[in-house]
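Secondary and tertiary structure notes
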Amino acid sequence: MTRRLPPLNALRAFEAAARHLSFKTAAEELHITPAAISQQVRALEDHVGRPLFRRITRGLVLTEAGAAAAPLLTEGLDRLADGATRMRDVPQSRILTVSVAPSLAAKWLVPRLDRFRAAHPDYDIRLDATNALSTFQGDGVDVALRFGGGSYPGLHAERLLAETAFPVCSPELLRRGPPLETPRDLAEHTLLHIQWAMESETAPNWQMWLRAAGVDTVDPSRGPRFSHDSMAVQAAIEGHGVALAVSTLVADDLAAGRLVRPFPPAVGEATEFGYHLVYPDDKAAAPKVGSFRDWISAEMKHTRGGA
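For the structure given in this document, a descriptive report is provided here. Keep in mind the model is a prediction, meaning the values are calculated, not measured. (Residues numbered from 1 in each chain as written. Predicted model: local features only at pLDDT ≥ 70, side-chain atom pairs only at ≥ 80, totals over all residues. Heavy atoms only, no water.)

Bringing the packing of aromatic side chains into the picture now. Applying the stated rule across the entire model yields eight aromatic pairs. Summarising the aromatic geometry, the rings of phenylalanine 23 and phenylalanine 53 are spaced 5.9 Å apart at their centres and angled 90 degrees between planes, so their arrangement reads as edge-to-face. Of this pair, phenylalanine 23 sits in helix α2 (residues 23–30) while phenylalanine 53 sits in strand β1 (residues 53–56), and the two are 30 residues apart along the sequence. Across the pair, phenylalanine 53 and phenylalanine 23 agree in class, each one buried. Between tryptophan 209 and phenylalanine 263, the ring centres sit 5.9 Å apart and the planes meet at 25 degrees, which makes this aromatic pair stacked. With tryptophan 209 in helix α8 (residues 206–212) and phenylalanine 263 in the loop between α10 (247–256) and β11 (274–279), the pair connects residues that are 54 residues apart, well separated along the chain. Here tryptophan 209 matches phenylalanine 263 in class, with each residue buried. Lying over the aromatic face of phenylalanine 166, arginine 261 brings its terminal NZ or CZ to 3.5 Å of the ring centre. (Phe/Tyr/Trp six-rings, centres within 6.5 Å; stacked < 30°, edge-to-face > 60°. Helix = DSSP H or I, 4+ residues; strand = E, 2+ residues; numbered from the N terminus. Buried < 20%, exposed > 50% of the residue type's maximum accessible area, 1.4 Å probe, protein only. Lys NZ or Arg CZ within 6 Å of the ring centre and 35° of its normal.)

Two side chains bearing opposite charge may form a pair once their charged atoms approach each other closely. Using the criterion set out here, one finds 14 salt bridges in the structure. Arginine 94 is the partner of aspartate 124 in a salt bridge, and the nearest nitrogen-oxygen pair spans 3.3 Å. Here the residue aspartate 124 occupies a position in strand β4 (residues 124–129), and arginine 94 occupies one in the loop between α4 (64–89) and β3 (95–100), the gap between them amounting to 30 residues. Aspartate 124 gets classed as partly exposed once you look at its relative accessible area, which sits at 32%. (Salt bridge = Lys/Arg side-chain N within 4 Å of Asp/Glu carboxyl O.)

Bringing helix α1 (residues 8–20) into the picture now. Taking 1.5 Å as the rise per residue, α1 with 13 residues should run 18 Å; its terminal C-alpha atoms sit 18 Å apart, in good agreement. Among the residues making up α1, those that are buried are Ala10, Leu11, Ala13, Phe14, Glu15, Ala16, Ala17 and Ala18. (Expected span 1.5 Å × (residues − 1).)

Here the focus is the sheet that holds strand β5 (residues 143–148). Reading across the sheet, the five strands line up as β4-β3-β5-β11-β6 and stay open at both edges, with mixed pairing between neighbours. Two strands in the sheet have a free side with no partner beyond their single neighbour: β4 and β6 (156–162). The sheet shows a mean angle of 25 degrees between the axes of neighbouring strands, taken without regard to direction. As paired elements, β3 and β4 share six bridges and run parallel to each other. Residue pairing in the sheet places isoleucine 95 in a bridge with aspartate 124 of β4. Helix α5 (residues 102–109) rests against β3, β4, β5 and β11 of the sheet, and its axis sits at about 115 degrees to β3. (Pairing = 2+ DSSP bridges. Axes fitted to C-alpha atoms, helices over the stretch in contact; angles between N-to-C directions. Contact = heavy atoms within 4.5 Å.)

Another aspect to go through is the side chain of aspartate 142. Take aspartate 142: it is sitting in the loop between β4 and β5. When its relative accessible area of 7% is taken as the criterion, aspartate 142 is described as buried. Here the side chain of aspartate 142 touches threonine 97 through a polar contact of 2.8 Å, landing on its backbone nitrogen. Only 3.3 Å separates the side chain of aspartate 142 from the side chain of lysine 283, close enough to count as a polar contact. For aspartate 142, the residues in contact, after removing those within four places along its chain, are Ile95, Leu96, Thr97, Phe136, Tyr279, Pro280, Lys283, Lys288 and Val289. (Polar contact = N/O pair within 3.5 Å; in protein donor to acceptor, adjacent residues only side chain to side chain.)

The next thing to look at is the sheet that holds strand β9 (residues 225–226). The strands that make up a sheet pair up through hydrogen bonds in the backbone, lying either parallel or antiparallel. Here we have four strands laid out as an open sheet, ordered β7-β10-β8-β9, and mixed in their pairing. Of all the strands in the sheet, just β7 (165–168) and β9 have a single pairing partner and so form its edges. As judged from the two bridges shared by strand β8 (residues 191–194) and strand β10 (residues 242–246), these two strands associate in the parallel manner. Along β10, the bridge assignment pairs leucine 192 with alanine 243. This element, helix α9 (residues 229–237), spans β7, β8, β9 and β10 of the sheet and lies at about 165 degrees to β8. Strands in contact with α10 are β7 and β10; relative to β10, the strand with the most contacts, it is inclined by about 115 degrees.

Below you can see the structure in the form of C-alpha cells.
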C-alpha cells in the first residue's frame, strides 16, 4: 500500500505548534528556529490547500481543519516514537542456530549442551544437523561446525582442533579374535568405511592410514560403507569390524570403554584436517556468536585433554 503523506518534518512542526499554540515553544521542543516552524507549517498548509492556524496577536488558534487533524497526528507521532523505541529495545534473539554434521551432533555436541546452557542461560541452541554446507543466506544459521582443511572462501573460519584419525574397535572384538596386535593383522578383520562428505579427496580413509602405517598387505577398499561417521562408529561398538575414526567423535566412547584403540597412538595418525567454527564476517560481533565461540573452543580443548 502506497501512503501519500506530507513531509514528516512539516507534520512534526504542525503537531508541536498545535499542542503549544506557539511557534516559539514548538521551536524550542524541536531544537529549530521559530522561523523554521513557521516555514514548515506554511508548506503543510500549501500541501493540504487550506489554513491550519489563525494568527492572532497573542498567539495561534487552530482552524477547524487544524483542530480535526491535531489529535490524530499527536497519536500517530506517539506511535511512531513507540515503534522506534521497540526497534532499539527489543531483546536480542535468544536462538543460536548451529549447522553441524549429524555425527558430530549426536556423538559429541548434544551430550555437552547442558554445559552451554549452564554457562549461557540467555541463549537457546537450535541444531541444524546436516551434511549440507550452509550458505548463511536466508537459512537462519548463525555459525557452522565444519570438518576439513579450513579453506572456506568468503567466510571467517577459526580452527578449533587439529584432528587425528585412527582405528577403533570393541573390546569384545579383541577378546574373540582374530589377533589384532599390529596393523598387518587388519587383513583378517572387516574394515568399516566412512564416506566422508568433504571438499577434499585427502580426507581420512583406510588407504591413507595404511600407507602412513607402512602397510601394503591389507586391501583398503574392502568392507561396508556408511554415510555418517556415527553409523560406522556404532558398527564398531557392536563388534562388526574396525572403524577409522577421528578422535573427537570417539572420545566419549573410548573414555567409557565402549571402544578401544588396538594399536599404539603413534601409528599413522597424521592428517591435515580439523574442526573449524565458520561464520560470516557480519556475525562476528554478535554476542551470542562470541559466547558460543569461546565455549566450544574450551570444550574442544577439554576433549583433546582426555576429558
